[in-house]
Amino acid sequence: SSDTESKDNETKTTSTSNRDLSSIYSEEDLNTSWDKSSSTIITLNGSEAKVEGSGANYSDGKVNITSSGTYVLSGKFTGQVYIDAKDSAVVHLVLNGVEINSESGPAIYAADGKKVILTLAESTENTLSDTSNYTFADGEDEPDATLFIKNDLVINGSGTLKVNANYKTAIKTKDTLAIISGNFDLTSVDNAVRAKDALTVEDGTFKVNATGKGFTSDGELNIYGGDINIEKSEEGLEGLTVEIYGGNVDISATDDGINARTKYDDSVSDAEKEMLGNQDQDGVEVRVAGGTVNINASGDAIDSNGDLYIEGGETYISGPTSGGDGTLDYNGEAKITGGVYVGAGSSGMFQTFSEDSSQNFINVYYDSTQAAGTTITLSDESQTKLIEFVAEKEFATVVISLPSLETGKTYTLKTGDTEQTVTINSVSSSLGTSSGGFGGPGGHGGFGEPQGGGQDESQGGGFGRPQGGGQGRSQGGGFGEPNGGGQDGSQDSGQGRPGRRQGGGFGEPNGGG
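What counts and how
- Residues numbered from 1 in each chain as written.
- Predicted model: local features only at pLDDT ≥ 70, side-chain atom pairs only at ≥ 80, totals over all residues.
- Heavy atoms only, no water.
- Helix = DSSP H or I, 4+ residues; strand = E, 2+ residues; numbered from the N terminus.
- pLDDT = per-residue confidence, 0-100.
- Contact = heavy atoms within 4.5 Å.
- Pairing = 2+ DSSP bridges.
- Axes fitted to C-alpha atoms, helices over the stretch in contact; angles between N-to-C directions.
- Buried < 20%, exposed > 50% of the residue type's maximum accessible area, 1.4 Å probe, protein only.
- Core = buried A, V, L, I, M, F, W, Y, C linked by side-chain atoms within 4.5 Å.

Trainee: Explain unusual backbone geometry to me, please; I cannot follow it from the model alone.
Mentor: In most cases, non-glycine residues show a negative phi, while peptide bonds are predominantly trans. For the bond from Glu 142 to Pro 143, the omega torsion is 5°, close enough to zero to count as cis. With respect to the element layout, Pro 143 can be found in the loop between β10 (125-129) and β11 (145-149). In this structure, Asp 60 is a non-glycine residue whose phi angle is positive, near 50°. Note on placement: Asp 60 falls in the loop between β3 (56-59) and β4 (62-65). Despite not being glycine, Gln 383 has its phi angle at roughly 65°, a positive value. With respect to the helices and strands, the residue Gln 383 is situated in the loop between β34 (375-379) and β35 (385-390).

What follows is the structure in structure tokens.
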């Protein structure tokens, strides 16, 4: 591996964490094959469909699936694939080169059944699209997605799925969603991917252009691998908990890049939601333990209404330029215990890591705003470059942390043509003087407090916090989490773009924590 961490627009790190999926998922969840003799073959042609086999029929512009089984679809179709099977039904839907356009409602709609397993057949391209014309039963506002599954959804296979969502969300489940693999091109006038209880990404390639959220879950959102390129979003990743253990995640967001929050329903007023959003919310956290994360956010780059943990991987932020946002925004505690972190952004609401972190970090405050495109390098005493980062937007603060920052050693920071040296005397070291900010190590210091509360701050938590967080997971798990569960929280709510870093990583190639 290289001694230098830099970012460019080409190379990527390993995209999957080390997980034995066969011990996490059922055999049916991972099955991408089918036997023609025992499957129902559905051939789509214009507004008609030919059904060969049992458990399905065609009527009035709909392919109706009524029982468990494997259904293989191919061809072009104007209409809807409608699944209305009994509660215990598991429907294996194989997209074997389809183009389905619904002129009223979802292209694929599972109104009932236990689970849908959607396989993207090898070497196939599949397209689902809808219109802005949806009609609902009285008092209802769902189904409201191009691919809408009332219960659990698993997506696997090596083919491609393109979704053009013109009404609201592209892919939505009312329970759990696990994406095992596949290639996705998702365009949405609202959210790209939404799950209620839990959303898990194991692998896959994703190109996302969403007016709303990229990936959002009322409960937990877990990413273990894949190449996720959120080119446009309001918020990139959102959940009660957002945890990244592997993969490459690039986020461009007009608001927050990553947002962890409790989701409240409509019984809570907007004023109450705003008040609760400023409190330390129990069970809410962002955790980066592996992979490579690049964020370019106009709002907060990483916003947790609870806690924030950087344990591994590499995180690079070209953060907000506005004084009302920060590269980090948290209500509980923020610890860095491993990994590479570089965050450049504005100074008005500046927060950094807690001083009970176990990995050293440097806070840099500039006297004047630095221009977009400025290169930031950090070198050790032998002038070996440890970090090289090009900020994509103007910035007034930078926080740098990596495993090789040693107490007692002196490092050279070069910002553009200006060099400064800093000696690491404690877990938190600083260059320059803060011009204000909303907090520092350990919690919200208040305006004009350059360092925040430090270890004795009263609100940030520290070790022994009653809320959990820490190294252990605070939630159960949904798909891919053997202890089941996932929270059923309930708030909805990301444009710009990060560059990538390159080089092997400082002993944190892919995961850890």
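So much for the structure itself; the text now carries on.
Trainee: Whenever I open this one, the confidence of the model for the chain confuses me. Can you help?
Mentor: Taken over all residues, the pLDDT of the chain has a mean of 84, while the share at 70 or more is 79%. Scored below 50 in pLDDT, residues 1-15 makes 69 contacts in the model with residues more than four places away or belonging to other chains. In the model, residues 438-513 has pLDDT below 50 throughout and makes 284 contacts with residues more than four positions away in sequence or in other chains.

Trainee: Help me understand the sheet that holds strand β17 (residues 193-195), please; the structure alone is not making it clear to me.
Mentor: Sheet strands pair by backbone hydrogen bonding; their relative direction is either parallel or antiparallel. Strand order in the open sheet made by the twelve strands is β3-β4-β6-β8-β11-β14-β17-β20-β23-β25-β27-β30, with mixed pairing throughout. This sheet does not close on itself; its edge strands, each paired only once, are β3 and β30 (328-330). Neighbouring strand axes in the sheet, compared pairwise and without regard to direction, differ in orientation by 15° on average. One ladder, built from three bridges, connects strand β27 (residues 302-304) with β30; its direction is parallel. Of the residues in β30, the one forming a bridge with Asp 303 is Asp 329.

Trainee: Sorry, what's going on with the environment of Lys 162 here?
Mentor: Following the sequence through the fold, Lys 162 ends up in strand β13 (residues 160-165). The class of Lys 162 is partly exposed, set by a relative accessible area of 35%. C-alpha of Lys 162 to C-alpha of Ser 129: the two residues are 33 residues apart in sequence and 8.3 Å apart in space. For Lys 162, the contacting residues outside a window of four places in its chain are Asn 126, Thr 127, Leu 128 and Asp 185.

Trainee: What exactly am I supposed to notice about the nonpolar core here?
Mentor: One recurring pattern in soluble globular proteins: nonpolar side chains tend to sit buried together. Ile 171, Phe 215, Leu 237 and Ile 258 are the most contacted members of the largest nonpolar core, which has 80 residues in total. Judged by nonpolar contacts, the second largest core, of 23 residues, contains Val 340, Val 364, Leu 378 and Ile 400.

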